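Understanding the architecture of this molecule
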Amino acid sequence: MAERIEFVLNGRNVAVETDPLRRLLDVLREDLGYTGTKEGCGEGECGACSVLVDGRLVNSCLAAVGTLAGREVMTIEGFRETERFKVLERAFGEAGAVQCGFCTPGMLLAGEALLRRNPQPSETEIRTALSGNLCRCTGYGMIVAAIQDAAQRGEGLW
C-alpha cells in the first residue's frame, strides 16, 4: 500500500507516493533519478549505495524509505555542491584514489561522514571509517591518503 513520504533530499523537500518498505536506493534511482548512488551487493556489505541520513553514513540498500519521513538525506549529487566535496574531490584526484570509480561516491560520503565528526582522523580511524565500503580495485592506500590530505587542506571546513 502506497503512502506519502516526505523528507529533505539534498537540501530540498521531496515527497514520494510509494510502498514505505521499498529500499531508499530504489526510490533514489528509479523514482527521483539520483543515479550517483550505486547498487553493488544489495546486502549492505559493499557501501556502494552509501548516502548520508542526518549526517550519518547509511547503506541505502538496507534503509526502508518509510523510515525517512522528516529526515535529511544527502546523496553524492547533493554533496557535490559543497566546498567540502571540492576538497575531497581534489585530494582523491591527486592521490590517484579514483580507479574504476564505482566505489567513489560511497568512499567520498564515508570520508565526509568521518571528517564531520572527526576533522583530524588518524590513519587507523580512516581505515575503520572506510571498513564498510569496498573498493574492488583495492586502492585503499590511495583513498586513505586522499582523506588524510583532505583533512589537512580542508582544515576549518569540517
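Refer to the structure presented above.
Residues numbered from 1 in each chain as written. Predicted model: local features only at pLDDT ≥ 70, side-chain atom pairs only at ≥ 80, totals over all residues. Heavy atoms only, no water.

A closer look at the packing of helix α4 (residues 104-117) against helix α6 (residues 140-153)
Cut-off, in case you're wondering: Lines fitted to C-alpha atoms define the axes, with helix axes restricted to the stretch in contact, and inter-axis angles between N-to-C directions lie between 0 and 180 degrees. Elements are defined by DSSP. Helices are runs of H or I of four residues or more, strands are runs of E of two residues or more, and each kind is numbered from the N terminus. Any angle from 65 to 115 degrees is called roughly perpendicular, while one under 35 is roughly parallel, one over 145 is roughly antiparallel, and all others are oblique. A clockwise turn of the near helix away from the far one marks a right-handed crossing, whereas an anticlockwise turn of less than a right angle marks a left-handed crossing. What makes two residues a contact is simply this: any of their non-hydrogen atoms within 4.5 Å.
Orientation of α4 relative to α6, taken along the N-to-C sense of each, is 40°, at an axis distance of 11 Å. Taken as axis vectors, α4 and α6 run oblique relative to one another. Crossing of α4 over α6 shows right-handed handedness. Across the interface between the two elements, Met107, Gly111, Leu114 and Leu115 from α4 touch Tyr140, Ile143, Ile147 and Ala151 from α6.

A look at the nonpolar core
So the rule is basically this: Only buried residues count toward a nonpolar core, which is a set of Ala, Val, Leu, Ile, Met, Phe, Trp, Tyr and Cys residues joined through side-chain atoms within 4.5 Å. A 1.4 Å probe rolled over the protein chains alone gives each residue an accessible area, and that area as a share of the maximum for its type sets the label: buried under 20%, exposed over 50%, partly exposed in between. Segmentation into domains, and thus their bounds, comes from an automatic or database assignment.
With 29 residues, the main nonpolar core has Phe79, Leu88, Phe92, Met107, Leu130, Ile143 and Ile147 as its most contacted residues. Contributing elements (two or more residues each) for this core: α2 (76-79), α3 (83-95), α4, α5 (123-129) and α6. In terms of residue count, α4 provides more of this core than any other element does, seven residues in total. Taken domain by domain, the makeup of this core includes at least three residues from each of domain 1 (3-79) and domain 2 (82-154). Not counting chain neighbours up to four residues away, the residues in contact with Ile147 comprise Leu88, Phe92, Gly111, Leu114, Leu115, Ile126 and Leu130. If you look at the next biggest cluster of nonpolar residues, it comprises 15 residues, including Phe7, Leu9, Tyr34 and Val65.

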